[in-house]
Amino acid sequence: MKHTEFESHDGDKPTHATVDLAKIELKAEELYDKKNVDIETIVIEDVFTLLQCTNAGLDQDEAQRRLGLFGPNKLEAKEQNSILQFLSFMWNPLSWVMEVAAIVSIALSNGQGRPPDWQDFLGIVILLFINSTIGFYEERNAGDAVKALMDSLSPKAKVKRGGSWSEIESADLVPGDMISFKIGDIIPADCRLIEAINVSIDQASLTGESLPVAKKAGDQCFSGSICKEGEAEGVVISTGANTFFGRAASLVGQEDDTTGHFQKTLTQIGNFCLITIGIFVIAEICVLYGGYQYQYRRGLDNILVLLIGGIPIAMPTVLSVTLAVGAKQLHKYKAIVTRMTAIEELAGVTILCSDKTGTLTTNKLTIDHSTIKTYGSFSAEDVILLAAYASRTENQDAIDASVVAACGDTTRARAGIKLLDFKPFNPVDKRTEITYLEKASGKLKRVTKGMTGTIIDLCTRNKTDEIENRLDADVEEYASRGLRALAVAYEEVDGDDFNAEGNGFELIVKMVTGDQLAIAKETGRRLGLGDHMYPAKALKNGPPANSKHASLDDMIMDADGFAGVYPEHKYEIVKRLQGLGHLCAMTGDGANDAPALSRANVGIAVEGATDAARNAADIVLTEPGLSTIVHAIRQSRIIFQRMRNYSIYACAVTIRIVVCFAILAFAYKLDFPPFMILVIALLNDGTIMTLSIDRVLPSNTPDKWDLAEIFAFAIAYGLYLTASTVSLVCICLQTTFFQDTFGVSLATNPVHSNDRQLHMVIYLQVAIISQALIFVTRSHGFFFMECPSFALIFAFFGAQLIASIIAAYGNWGFASIQAVSGKWIGIIWVWNIIWFIPLDWIKFAMKATVIKFLYKRRERVTTEGAFTAEPITRTNTLYSNRVSYIKRAVHKVGLGGRVVTKPEELQKFSSIQAQSVGLTLARNPTFITNA
């Protein structure tokens, strides 16, 4: 094994290696010792030699060979074991109660001459497996659908191969590739820079640093970091799992922030059901064992009824399936969800902060030659050419592309000049600048183009009040026509130093192509959004003197929009609106929008957004225009209504079962068979699952989880349905009304509380009216005014047909039931219909009294200033596995990744990367001529 030595280097200057890099062999542990090996300090030519590549890039054959050698440039998502994934659906508090009930039925239900309760045990296990199977199946389907959608978001990379630039999937990059990136791009692989123009890199996803880090030629950039300013070219030194991000992610894992309001709400609803069950279980233990002196087995059966019937075992599955189906439906409206719980948060959005360019407008720019106005001795054609000089010819943004295209022949943008220095656009300076040598005259010249306010402030030569007044007048005139303006200035540089100061910029032109206040007003008027706009400086200085606004918050709430905003302004607007109690959605397409997108409750990256914007967003649009967002909000409110309707239903059924059978046990010592509760639960599951595709009306106002309202409705419905069953039992036990009126009978005479046919009558009555409740909870008005989906109708009547057949033929001795006559079945149907009709009136009465009171109380708290916005938190809960597939799909395509490490670890790690790649290539050499 050879030991390599490097020349001592002076300061930070790069040095040459003193070894034959083509034959380098190093121990891995030596690469961590920067005294001997420091790949960051060797000159870039040695890096090319080490990686066996040239600055013209690899050819396609070599790239394919290396792809096989190093593998794709992505982190392979760890596939979850299918069996463990299936069993995970049985791991949450609601399932635990059912599992405890199963253990009780088989392990504790012994003695007193009776065998273990095998039928209840098997019934509970079957119920658990049915719910898990449905959840597993729907997650698999949703996961496949989401993966297909996410594939369209796979990051792209600009790469030079065979001497020409092209765009490829980032996953196809290999060590030795030449890549380029600009503002807004996510660095696709670890690389060493060979050219860097005002480059600033955000490494927060790696180091947690809040400020971007300046980079220069020779520096290393890491995969997953974001280019916040400038543009650069570099050579890839490591890909995939061998990048710093890949190594760190495999060691420390990735942060999980996919849970939110949905998980919190699911937990609270589950707790409500568990507490209700717990109260009545304790009451039964005290009354049945303490008061009635029940024997062990008899009391245990009554407790099992409460445990099995009260738990909404299907709730986590129903709600997560509703979200999954909703995500697929949103794709029809060209919206791809990258964080599943953003769907229900979008339904609650109260304010949408929209970026104008690319959202309200088409983001397609053209130069209108007839509107070009010059302020110097140049002609319009001369000015277009100078503006083209100040534009990038590769990796262009929309403005550069439109300016260069206006030349006609795009080659003119660099013809006759030698590029010496170029400063690309950034959202802070809002201008580009080129310093070049004019070959014909041999003079150094400098041109800048950008936002009119920025350019006029930069100009010092021949600037007069008259020119400034003309400029302002032209801005207003353009804005009145909904046009954007771009200013161009020019200066000459004395001497040969292209970094030297020039003779002062002179404004020479204003072209129609920044976002001035007048333009924002015109856009607002045309779109019907209003023209009550403010300049960005108002966010810093506050409301003007003698303004009607008492505070900045008042001004923000009153404004229809703001113009000329910078990234920090957008972030501040969102933050203040959230502080006022609003749920904010923010749209954006550029790197400057990423902070606000991340801060917003729901970040929406519009069509054509940069990698940085998409990575920060919760929803990515694949079609331009605001209508896509409107469709997405409407669809999210439909999805929310489905989840709300089921939540009220599930809580109501818990109240109905627990209170009803506790009262019957206390009043009549009625021992209802636990097995028949299982049958009711199984029939309910099939019907309830169709709620995920139910036809519902979206609300006209933003939605939010109001648990007080949900629980109030649930208690009212539950107690009413309890009364329907208790009344029926009272009539059967204490009168002969049904026998005298309809000529029916039960197995015992006089009727005993544990008559087997009475058990069947109770079973059928509970099964029918409990499931019919869903038609009331799903509608805002009368149930027949809002037509449900055909799937729900068919599922309901199918379940009730099965329930009626069981009532007619179910002579099951083990379940203590006996079939009843057709007349009894008819009586029960009529009884339920009579009791069902007032349910709508109960709903209306609740809205007029209790719900109205809750609304007024909430408004009073808000008015008194006690209301604070719910903080944006992402916390794991025991229901997190219900949306795990979206998390895996997002990570698989490289979005949403985040690991945190110390900055010094980056330097430590960089020593090993290129060397390990070089060692691999040394074993598999490519014979090429070095640049």
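Residues numbered from 1 in each chain as written. Predicted model: local features only at pLDDT ≥ 70, side-chain atom pairs only at ≥ 80, totals over all residues. Heavy atoms only, no water.

**Topic: the overall build of the chain**
Going by this rule: Secondary structure elements are defined from DSSP: runs of H or I of at least 4 residues count as helices, runs of E of at least 2 residues count as strands, and each element is numbered from the N terminus. Buried means the residue's accessible area, taken with a 1.4 Å probe over protein chains only, is under 20% of the maximum for its type, while exposed means over 50%, and partly exposed covers the values in between.
Of the regular secondary structure elements, the chain holds 33 helices and 20 strands. Counting the 931 residues in the chain, one finds 55% classified as buried.

**Overview of the side chain of Asp755**
Note the following rule: The criterion used for residue contact is that any of the two residues' heavy atoms lie within 4.5 Å.
When you line up the elements, Asp755 lands in the loop between helix H26 (737–742) and helix H27 (756–777). With near-sequence residues (within four places) excluded, Asp755 lies in contact with Leu746, Ala747 and Thr748.

**Side note on the packing of helix H25 (residues 707–734) against helix H30 (residues 839–848)**
This is how the line gets drawn: In this analysis, axes come from line fits to C-alpha atoms, helices being fitted only over the stretch in contact, and the angle between any two N-to-C directions falls in the range 0 to 180 degrees. Here a crossing is taken to be left-handed if its near helix is turned anticlockwise relative to the far helix by less than a right angle, and right-handed if that turn runs clockwise. Three residue categories are used. Nonpolar comprises Ala, Val, Leu, Ile, Met, Phe, Trp, Tyr, Cys and Pro, charged comprises Asp, Glu, Lys and Arg, and polar comprises the others, including Gly.
Between H25 and H30, whose axes approach to 11 Å, the crossing angle comes to 145 degrees. Judged by the sense of rotation from one axis to the other, the crossing of H25 with H30 is right-handed. For the pair H25 and H30, the contacting residues are Ala712, Phe713, Ala716, Tyr717, Tyr720 and Leu721 in the first and Leu839, Ile842, Lys843, Met846 and Lys847 in the second. Class assignment of the residues belonging to the contact of H25 with H30 gives a composition of nine nonpolar, no polar and two charged.

**Side note on the sheet that holds strand E18 (residues 584–588)**
Keep this limit in mind: Here the rule is simple: two strands pair whenever DSSP picks up at least two bridges between them.
Pairing is mixed in the open sheet, where five strands are placed in the order E8-E20-E19-E18-E9. Single-partner strands in this sheet number two, and they are strand E8 (335–337) and strand E9 (351–353). Looking at each pair of strands side by side, their axes are set apart by 20 degrees on average, direction ignored. Sheet topology note: the E9/E18 ladder contains three bridges and is parallel. Across the sheet, Leu352 pairs through a bridge with Ala585, a residue of E18.

**A few points about the nonpolar core**
If you look at soluble globular proteins, the nonpolar side chains tend to sit buried side by side. Just so we agree on the cut-off: We define the nonpolar core as a collection of buried residues of types Ala, Val, Leu, Ile, Met, Phe, Trp, Tyr and Cys that are connected through side-chain atoms lying within 4.5 Å of one another.
Ranked by size, the top nonpolar core spans 135 residues in total, and within it Tyr646, Phe661, Met676, Tyr717, Tyr763, Trp824 and Leu839 carry the most contacts. Here this core gets 21 residues from one element, more than from any other, and that element is helix H23 (residues 626–668). If you look at the next biggest cluster of nonpolar residues, it comprises 25 residues, including Ala538, Val574, Leu577 and Ala609.

**Quick notes on empty space enclosed by the protein**
As a reminder, the rule being used: A 1.4 Å probe that fits into a set of points on a 1 Å grid over the protein atoms alone but cannot get out defines a cavity; an open set with protein on both sides within 12 Å along at least five of seven lines defines a pocket, and lining residues are those with an atom within 4 Å of a point. Grid points are joined across faces, edges and corners, and a volume is the space filled by probe spheres set on the points.
Estimated volume of the largest cavity: approximately 270 Å³. Residue lining of the largest cavity: 22 residues in total, with Gly309, Ile311, Pro312, Val653 and Asn684 positioned closest to the centre. Those elements giving two or more residues to the lining of the largest cavity turn out to be helix H9 (296–310), H23, helix H24 (674–688) and H27. Residue classes in the lining of the largest cavity are distributed as 16 nonpolar, five polar and one charged.

**Let's talk about the pairing of strand E19 (residues 602–605)**
In regular strands, side chains alternate between the two faces of the sheet. Residues Val602 and Ile604 of E19 are buried on one face, and the alternating residues Gly603 and Ala605, pointing to the opposite face, are buried as well. Sheet topology note: the E18/E19 ladder contains four bridges and is parallel. Following the sheet pairing, Ala585 is matched in E19 by Val602. One ladder, built from two bridges, connects E19 with strand E20 (residues 619–621); its direction is parallel. Note that in E20 the partner of Ile604 across the bridge is Ile619.

**Topic: the side chain of Glu709**
Stated formally: The term polar contact refers here to a pair of N or O atoms within 3.5 Å; inside protein, the definition further demands a hydrogen-donor-capable atom paired with an acceptor-capable atom, and it admits residues adjacent in sequence only when both atoms are side-chain atoms.
On the secondary structure map, Glu709 appears in helix H25. A polar contact is formed between the side chain of Glu709 and the side chain of Tyr855, at a distance of 3.2 Å. In this structure, Glu709 is in contact with Arg644, Ile851, Leu854 and Tyr855, ignoring residues within four places of it in sequence.

**Quick notes on the pattern of salt bridges**
Cut-off, in case you're wondering: For this analysis, a salt bridge means a side-chain nitrogen from Lys or Arg found within 4 Å of a carboxyl oxygen belonging to Asp or Glu.
All told, the structure shown has 18 salt bridges when counted by the stated rule. A salt bridge links Asp553 to Arg576, with the nearest nitrogen and oxygen atoms 2.8 Å apart. You can see Asp553 sitting in helix H19 (residues 552–558) and its partner Arg576 sitting in helix H20 (residues 567–579), a full 23 residues away along the chain. With its nearest N and O atoms 2.7 Å apart, the salt bridge here joins Arg778 to Asp694. Of this pair, Arg778 sits in the loop between H27 and helix H28 (790–809) while Asp694 sits in the loop between H24 and H25, and the two are 84 residues apart along the sequence. Several salt bridges converge on common partners, so that one network encompasses Lys423, Arg431, Glu433, Arg446 and Glu491.

**A word on H30**
Short version of the rule: Picture the helix axis, draw a direction to every C-beta atom, and the arc is the one those directions span.
Among the residues of H30, those classed as buried are Leu839, Asp840, Ile842, Lys843 and Met846. Buried residues of H30, seen end-on, are gathered within an arc of 160 degrees and therefore sit on one face of the element. Along H30, the residues that are exposed and aim more than 90 degrees away from the buried face are Trp841 and Ala848.

**Focus: helix H29 (residues 822–836)**
Inclusion rule: Take the number of residues in a helix, subtract one, and multiply by 1.5 Å to get its expected span.
With 15 residues, H29 ought to run about 21 Å at 1.5 Å a step, and its terminal C-alpha atoms sit 21 Å apart, in line with that. In the core, the buried residues of H29 are packed alongside H25, H26, H27, H28 and H30.

**Quick look at the environment of Glu491**
Structurally, the position occupied by Glu491 is in strand E14 (residues 485–493). Distance in space between the C-alpha atoms of Glu491 and Thr448 is 8.9 Å, their sequence separation being 43 residues. A distance of 2.7 Å separates polar atoms of two side chains, one belonging to Glu491 and the other to Arg446.

**A short note on a negative patch on the surface**
Operational definition: Exposure above 30% relative accessible area and the lack of any salt bridge qualify a residue for a patch; like charges then connect within 9 Å, and the nonpolar side chains Val, Leu, Ile, Met, Phe, Trp and Tyr within 5 Å. Only the protein chains shown count as covering a residue, and every accessible area follows the Shrake-Rupley method with a 1.4 Å probe. The charge count includes Lys and Arg as positive and Asp and Glu as negative, but it does not include His or the ends of the chains. Note that the charge is assigned to NZ on lysines, CZ on arginines, CG on aspartates and CD on glutamates.
Residues Asp457, Asp465, Glu468, Asp472 and Glu476 make up a contiguous surface patch of negative charge. Considering each element in turn, the negative patch owes the most residues, four residues, to helix H16 (residues 465–480). Positionally, Asp465 belongs in helix H16.

**Quick word on a nonpolar patch on the surface**
The grouping of Leu122, Ile126, Ile130 and Leu682 at the surface amounts to a nonpolar patch, some 310 Å² of accessible area in total. With three residues, helix H5 (residues 118–151) is the largest single contributor of residues to the nonpolar patch. Its place among the elements puts Ile130 in helix H5. Residue classification places Ile130 among the partly exposed residues on the basis of a relative accessible area of 32%.

**Thoughts on the packing of aromatic side chains**
The geometry of an aromatic ring pair comes down to the distance between the two centres and the angle between the two planes. Threshold: Put simply, two rings from Phe, Tyr or Trp (the six-membered ring, in Trp's case) pair if the centres are within 6.5 Å, and we call them stacked under 30 degrees between planes, edge-to-face over 60, tilted for the rest. Both a distance and an angle decide whether a charge sits over a ring: NZ of Lys or CZ of Arg must be within 6 Å of the ring centre and within 35 degrees of the ring normal.
Per the counting criterion, the structure on display carries 30 aromatic pairs. The interplanar angle of 10 degrees and the centroid separation of 4.1 Å between the aromatic rings of Phe272 and Phe711 together place this pair among those described as stacked. Taking the relative accessible area as the measure of exposure, Phe711 reaches 17% and is therefore buried. Among the aromatic residues, those joined into a cluster by ring pairs are Tyr720, Phe737, Phe738, Phe742, Trp824, Trp831 and Trp835. The ring centre of Phe422 lies 5.4 Å from the NZ or CZ of Arg392, which sits over that ring.

**So, the environment of Val850**
With respect to the helices and strands, the residue Val850 is situated in helix H31 (residues 850–863). You can call Val850 partly exposed: its relative accessible area is 33%.

**Observations regarding unusual backbone geometry**
Trans is the prevailing form of peptide bonds, just as negative phi is the prevailing case for residues other than glycine. Looking along the chain, the bond that leaves Asn749 and enters Pro750 is cis, with omega of 0 degrees. Relative to the helices and strands, Pro750 resides in the loop between H26 and H27. At Gln293, a residue that is not glycine, the phi angle is positive and equals roughly 55 degrees. Along the chain, Gln293 turns up in the loop between helix H8 (261–291) and H9. Overall, the relative accessible area of 58% leaves Gln293 in the exposed class. In this structure, Ser816 is a non-glycine residue whose phi angle is positive, near 60 degrees. Of note, Ser816 is situated in the loop between H28 and H29.

**Quick word on the packing of H23 against H27**
Put simply, the rule is: For classification purposes, angles smaller than 35 degrees are called roughly parallel, those larger than 145 roughly antiparallel, those between 65 and 115 roughly perpendicular, and all remaining angles oblique.
Between H23 and H27, the shortest axis-to-axis distance is 9 Å and the interhelical angle comes to 155 degrees. Overall, the two elements H23 and H27 adopt an arrangement that is roughly antiparallel. The way H23 lies across H27 gives a crossing that is right-handed. When H23 is examined against H27, the residues Asn645, Ile648, Tyr649, Ala652, Val653, Arg656, Ile657 and Phe661 are found in contact with a partner set consisting of Ile762, Gln765, Val766, Ile769, Ser770, Gln771, Leu773, Ile774 and Thr777.

**Some thoughts on the confidence of the model for the chain**
Definition in use: Per-residue confidence from the predictor is reported as pLDDT, a score between 0 and 100.
With 78% of its residues at a pLDDT of 70 or more, the chain has an overall mean of 78. pLDDT under 50 marks residues 24–39. Its contacts with residues more than four places away, or in other chains, come to 43 contacts. Below pLDDT 50 for its whole length, residues 252–259 participates in 28 contacts with residues either more than four positions away or in separate chains.

**Quick word on the state of the cysteines**
In a disulfide, the sulfur atoms of two cysteines are covalently bonded to one another. Our working rule: Pairs of cysteine sulfur atoms within 2.5 Å are what we label disulfides.
Considering all chains together, one arrives at zero disulfides under this definition. This cysteine, Cys353, is not joined by any disulfide, and Cys584 carries the nearest cysteine sulfur, 4.9 Å off. Using a relative accessible area of 13% as the deciding quantity, one classes Cys353 as buried. No disulfide involves Cys730; its sulfur sits 9.4 Å from the nearest other cysteine sulfur, which is in Cys732. Using a relative accessible area of 22% as the deciding quantity, one classes Cys730 as partly exposed.

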